[in-house]
Amino acid sequence: VALKRMLNFNVPPVKNSTGEPVWKILIYDRFGQDIISPLLSVKELRDMGITLHLLLHSDRDAIPDVPAVYFVMPTEENIDRMCQDLRNQLYESYYLNFISAISRSKLEDIANAAIGANAVTQVAKVFDQYLNFITLEDDMFVLCNQNKELVSYRAINRPDITDTEMETIMDTIVDSLFCFFVTLGAIPIIRCSRGTAAEMVAVKLDKKLRENLRDARNSLFTGDTLGAGQFSFQRPLLVLVDRNIDLATPLHHTWTYQALVHDVLDFHLNRVNLEESTGTESSPAGARPKKKNKKSYDLTASDKFWQKHKGSPFPEVAESVQQELESYRAQEDEVKRLKSIMGIEGEDEGAISMLSDNTAKLTSAVSSLPELLEKKRLIDLHTNVATAVLEHIKSRKLDVYFEYEEKIMTKSTLDKSLLDMISDPDAGTPEDKMRLFLIYYISSAQAPSEIDLEQYKKALMDAGCNLAPLSYIKQWKAFTKMASAPTNYGNTTPKPLGLFSRVMNTGSQFVMEGVKNLVLKQQNLPVTRILDNLMEMKSNPETDDYRYFDPKMLRGSDSSVPRNKNPFQEAIVFVVGGGNYIEYQNLIDYIKGKQGKHVLYGCSELFNATQFIKQVGNL
């Protein structure tokens, strides 16, 4: 909504105005691009009158009779470039929107340039948009994508980090969270664990919100913006969690569609990139091997199949794609049948009466064509994506890994020794084995003895694993052991439903032989459990000493005693140090069972196990 208002020159778009929109161009930097692209398609931009969208630092031609809307970060180089645009008189008028608040001195630079270029009247508006975060779903956001290594798990947990570096990282995170709440139009009540990076974020965010509320003249939380949100009747709870409370989940193999896509494919800011194999026909000797086609698909809110199934276990997804395909084929056959009937010569009585019947049918069939085509596009998309995922599951035995890890995390009995899993050459890549071992290591109550550890290490080395991540996890475990008891992951394991029966009929596109049909039991992961305690005001040793901040209180009191005892209706969980789709899905499943409650999930960056292992290996 905020973006649409901005693109409409910062006035709310009128619903039913018939006339043409005002044609304009949009100029953004990489940050702006990342914020807009998951939310608005090119078509939607066009409907709002955006004819061209260009990067700020590209060579742009002058278009003197068109207004330009800028959406950029207030960085030195961006400001210089904007001043240059003013001097070169590129556009008719300039609407300058900054993603994050611009400093006084930089504003003065722009003013000076405008005066020098004699363009003061053309700078129509300058706005701080406070949109420095990326929304990926209606209930999920991530801080940034450009320069994300600056706020990564590794950056926060580096052993040699200086205080000033840490301050900078925390300020970056707080700036984005502040933007998030300005956009929400709500002041949260903040809870966080003690002695972690999350606590530093909480302290700074509380201070920043408090200062803004005190500054009555410029407060961002008064007047028309406030109460516009759906959250107006009750303040939301913000739970700040540190990634270090649970390192097993980011390494976990998963079984739901969205999380699997993120784990095994190249899935980034809601777009998945696939390499299409061009078939296996042998090329003549000496010929260059065929280049693989890269295809990218957007998995967005408008994709109904994705919205419905992104949280489903993979076997269900395969089954649903198959059902959609069958219903589509039936509709297509109906259209074909009507076409052939319409070709009848209208001689005999029967055919004529049939014609009038069928004209009505054909009209309805033709009017449903665009819908049919869209359906076909989605079926093809998900057939391709699901097939790509399935290839990984089968070649790496991911179903076996998932089930085995669930057993480890829930302390169930294992049917096969860990050493066997590691040394089985057919199961998984070296990285899969490393993930499995790290989960075992993190979840075990006592760390394995040195002798056992050596044995495991040898097996891992033989399997070609990179042991770099282990040294950090070892230190981490020794440290957290002093701090707290090991995390508990509930105690239910997935029940195999036997192998696929229904999907296995010959018509199916998905050859699922040998893949276990595992069904998920809802069990709360640590992050969800913490939220549950704090949202429902349950007393629990795990969360009882969480600090409590209320930026609206005049004096900041440092306490862990909540003022209000009522359970919250709305909550935002934010993981400092990075999050994943497994946790997101777990929260969504948890809140489904709670009538009328909402949860949003946010994280400083979104990584899959491969990216996470790399960061840990470099620590």
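Quick caveat: nothing in here was measured; it's all calculated off a predicted structure. (Residues numbered from 1 in each chain as written. Predicted model: local features only at pLDDT ≥ 70, side-chain atom pairs only at ≥ 80, totals over all residues. Heavy atoms only, no water.)

## Focus on the sheet that holds strand 16 (residues 570-576)
Reading across from one edge, 6-7-17-16-9-8-15 is the order of the seven strands in this open sheet, with mixed pairing throughout. Edge positions in the open sheet fall to strand 6 (134-137) and strand 15 (547-549), since each of these has one partner strand only. Mean inter-strand twist for the sheet, computed between neighbouring axes without regard to direction, equals 20 degrees. Docked against the sheet, helix 7 (residues 163-184) engages strand 7 (140-142), strand 9 (237-242), strand 16 and strand 17 (598-603), running at close to 165 degrees with respect to strand 16. Set on the sheet, helix 20 (residues 581-592) makes contact with strand 6, strand 7, strand 16 and strand 17; between it and strand 17 the angle comes to about 170 degrees. (Pairing = 2+ DSSP bridges. Helix = DSSP H or I, 4+ residues; strand = E, 2+ residues; numbered from the N terminus. Axes fitted to C-alpha atoms, helices over the stretch in contact; angles between N-to-C directions. Contact = heavy atoms within 4.5 Å.)

## What about helix 16 (residues 430-443)?
With 14 residues, helix 16 should reach 20 Å at 1.5 Å per residue; the first-to-last C-alpha distance of 20 Å fits that figure. Of all the 14 residues making up helix 16, eleven are buried; the element is thus mostly covered by neighbouring parts of the structure. Residues of helix 16 that are buried: Asp432, Lys433, Met434, Arg435, Leu436, Phe437, Leu438, Ile439, Tyr441, Ile442 and Ser443. (Expected span 1.5 Å × (residues − 1). Buried < 20%, exposed > 50% of the residue type's maximum accessible area, 1.4 Å probe, protein only.)

## Examining unusual backbone geometry
The phi torsion at Leu269 lies on the positive side, around 45 degrees, for a residue other than glycine. For Leu269, the position within the fold is in the loop between strand 10 (266-268) and strand 11 (271-276). Its identity is not glycine, yet Lys397 carries a phi of approximately 55 degrees, on the positive side. Mapped onto the elements of the fold, Lys397 is located in the loop between helix 13 (369-396) and helix 14 (398-409). A relative accessible area of 30% means that Lys397 is categorised as partly exposed.

## What about the sheet that holds strand 11?
Strand order across the open sheet formed by three strands is 10-11-12, with antiparallel pairing between neighbours. Each of the sheet's edge strands pairs with one partner strand only, and the pair in question is strand 10 and strand 12 (293-298). The mean inter-strand angle of the sheet, taken between neighbouring strand axes irrespective of direction, is 25 degrees. Of the strand pairs in this sheet, strand 10 and strand 11 are connected by three bridges, and their pairing is antiparallel. Opposite Asp266, over in strand 11, you have Asn273 as the bridge partner.

## Points about the side chain of Lys106
Within the element layout of this structure, Lys106 appears in helix 5 (residues 104-116). Not counting residues within four places of it along the chain, the set of residues in contact with Lys106 comprises Pro74, Thr75, Glu76 and Ile79.

## Quick word on the pattern of salt bridges
Counted according to the given criterion, the structure contains 29 salt bridges. Between Arg81 and Asp85 there is a salt bridge; the shortest N-O distance is 4.0 Å. Separated by four residues within a single helix, Arg81 and Asp85 lie in helix 4 (residues 76-87), roughly one turn from each other. Taking relative accessible area as the criterion, Arg81 reaches 16% and is therefore assigned buried. The salt bridge partner of Lys416 is Asp424, with a shortest N-O separation of 3.8 Å. Taking the relative accessible area as the measure of exposure, Asp424 reaches 16% and is therefore buried. (Salt bridge = Lys/Arg side-chain N within 4 Å of Asp/Glu carboxyl O.)

## Here we look at the pairing of strand 11
Where strand 10 folds back onto strand 11 in an antiparallel hairpin, the turn is made up of two residues, including Leu269, whose phi is positive at roughly 45 degrees. With six bridges joining them, strand 11 and strand 12 adopt antiparallel strand pairing. By the bridge assignment for strand 12, Glu276 is matched with Asn293.

## Some words on the pairing of strand 17
By the criterion of burial, strand 17 is predominantly enclosed, with five of the six residues buried. Sheet topology note: the strand 7/strand 17 ladder contains three bridges and is parallel. Residue pairing for strand 17: Val142 is matched across the bridge by Cys603. With six bridges joining them, strand 16 and strand 17 adopt parallel strand pairing. The partner of Ala571 across the bridge, within strand 17, is Val599. Chirality of the crossover, the property in question, places the unit of strand 16, helix 20 and strand 17 among those that are right-handed. (Right-handed = clockwise from strand over helix to strand, strands pointing away.)

Function cannot be inferred from these measures alone, as they are strictly geometric.
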